[in-house]
Amino acid sequence: MALAAQDRRTFAIILAAGDGKRMKSDRPKVLCEVLFQPMIRWVENAVRDAGIDDITIVTGEGAELVEAAVSPGCKFVCQRERRGTGHAVMAAADALAAGGDALVLYGDAPFIEGGAITAALRQHRAEQNAVTLVSARPADPFGYGRVLRGPDGGVRAVVEERDCDEATRAITEINAGVYWFDAAFLAGALERLTPQNAQGEYYLTDVPAIAAAEGRRVGAWFCGDPQIVLGANDRRQLLALNTLARERMLLRHLDNGVDIPCADGILIGAQVEIGRDARILPGTVLEGRTVIGPGCVIGPNSYIKDSTVGAGTRVLASYLTDSTVGEGTRIGPFTQLRPDSHIGNGVKIGDFVEVKNATVGDGTSIAHLTYIGDSDVGRYCNFGCGVVTANYDGKKKFRTTVGDRAFIGCNTNLIPPVRIGEGAYTAAGTTVDSDVPAGALAIGRVRQEIKEGWSDEKIAFKADKK
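Just so we're clear, the structure is a prediction, and the values are computed from it rather than from any experiment. (Residues numbered from 1 in each chain as written. Predicted model: local features only at pLDDT ≥ 70, side-chain atom pairs only at ≥ 80, totals over all residues. Heavy atoms only, no water.)

(A) Spatial organisation of the pairing of strand 10 (residues 174-182). Where burial is concerned, most of strand 10 is hidden: nine out of the nine residues are buried. As paired elements, strand 7 (residues 131-136) and strand 10 share five bridges and run antiparallel to each other. Across the sheet, the residue bridging to Thr132 is Trp180, located in strand 10. (Buried < 20%, exposed > 50% of the residue type's maximum accessible area, 1.4 Å probe, protein only. Helix = DSSP H or I, 4+ residues; strand = E, 2+ residues; numbered from the N terminus. Pairing = 2+ DSSP bridges.)

(B) Layout of the pattern of salt bridges. Tallied over the full model, the rule gives 24 salt bridges. Of the charged contacts in the structure, one is a salt bridge between Arg9 and Asp54, with a shortest N-O distance of 3.4 Å. With Arg9 in the segment before strand 1 (10-16) and Asp54 in the loop between helix 1 (39-49) and strand 4 (55-59), this residue pair connects regions lying 45 residues apart in the sequence. A residue is classified by how much of its surface remains accessible, and Asp54, at 22% relative accessible area, is partly exposed. (Salt bridge = Lys/Arg side-chain N within 4 Å of Asp/Glu carboxyl O.)

(C) Examining the sheet that holds strand 20 (residues 314-315) more closely. The 10 strands are arranged 14-17-20-23-26-29-32-35-38-40 in an open sheet whose pairing can be described as parallel. This sheet does not close on itself; its edge strands, each paired only once, are strand 14 (279-280) and strand 40 (441-442). With two bridges connecting them, strand 23 (residues 330-331) and strand 26 (residues 348-349) associate as parallel partners. If you follow Arg330 over to strand 26, its bridge partner there is Lys348.

(D) Highlighting the domain arrangement of the chain. Domains assigned within the chain are domain 1 (10-222) and domain 2 (235-442). When each unit is reduced to the centre of its C-alpha atoms, the spacing between domain 1 and domain 2 is 45 Å. Taken together, the 15 residues of domain 1 in the interface contact 17 residues of domain 2. Approximately 1,300 Å² of surface area, both sides summed, lies buried where domain 1 meets domain 2, with 66% of it carried by carbon and sulfur atoms. Looking at the side of domain 1 facing domain 2, the largest losses of area belong to Leu35, Phe36 and Phe111, adding up to 50% of the total buried there. A salt bridge links Arg248 to Glu113; the nearest nitrogen and oxygen atoms lie 3.2 Å apart. Sorting the residues of the side of domain 1 that touches domain 2 by element identifies strand 2 (33-34) and helix 1 as the ones contributing at least two each. Residue contributions to the side of domain 1 that touches domain 2 peak at three residues, all from helix 1. Taken together, the residues that form the side of domain 1 that touches domain 2 break down as nine nonpolar, three polar and three charged. (Domains from an automatic or database assignment. Contact = heavy atoms within 4.5 Å. Buried area = accessible area lost by both parts, 1.4 Å probe. Nonpolar A, V, L, I, M, F, W, Y, C, P; charged D, E, K, R; others polar.)

This is the structure:
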């Protein structure tokens, strides 16, 4: 079901006002990361996957940090006092005024999925419920609110752990903390909440009982995956979430035809795409919006973030950020591609090479111990050992251009702005500070001088001193 196609308004309220005290953090709890992504971003992505773009986020202290962590277009309200989940939704009361169906969920439960949100809404509308909550049966229900059902299968109430008696505590169906509400009903129900409970707070979980007491229907969409309820209140629980998320990502890519012969030290972010028959080796970290083409070999010990790597390319023990690499290219070991590096097809970049804000054409070889910065390098060039583009004069950065099939000799210094013509050569040890025409040879080094007998005289002198 495409939610955006429905006539009835749908919108979301994400509760994100929790502080980071139990995390021992100075930042809001929802900014703690699972696989390199803040928990609230996982939740926001799930909401958007369900087709919902009208999103209000309830924040507390550090609201500006939360705002920076989510997509543009979200709206924000502040819960100045933390007096429970019901009180948090009260802070977003203006969002309810236009009516429709309101999704309410927590910003620190990263495993909720767009499919579950959509399925719950479908049931919510089909049954014409005032409230539809998502429920699950985790292996250990301790700490979660229990779902009390009536004889007809509808929900009578949700009872928080601290308020449970023994019979209620024995119930295994729990509230996942994801709700669909009729917005008009929710607006009125919030006014009737009271803090008469063990915590002295306004519980959002009291709303289903209010609906049932009014004769309104309350439903529960049961989710077969109990992991969607998982959140984190401290660093140990955050580690558990990361461990679980890591395993889920590995299994997803294995199922898609990726070869992971040994998973030691491999971390793959949720937005990473990997083609079939690619091989990911131990110690590799793939983060952000990274795309690995089919048949690649990545690792061991490579780090790639927000980059695209073409089919059949090998990246060995190297560091790539915000860059693109073509097909059939060889990177590493110990290469760094800094942001805005664009490497062509069939390129060889070897050990201790750094490339920054540069394009490198197809078939070019930059074998070792070289720095290429702010440059445009053509096709089928060869860079000897120790080449440097001296792109910064202390005030400004300038670009170097190297034409196709140029040969840059060992220990050449290129002082931009400078252009090396197509097929031109630079002799080893040359400092190039003016353009080299196509097909020319540039020699810019001190003329060799021979002093006969110098060494014997100096060595003899030193021996006499001893």
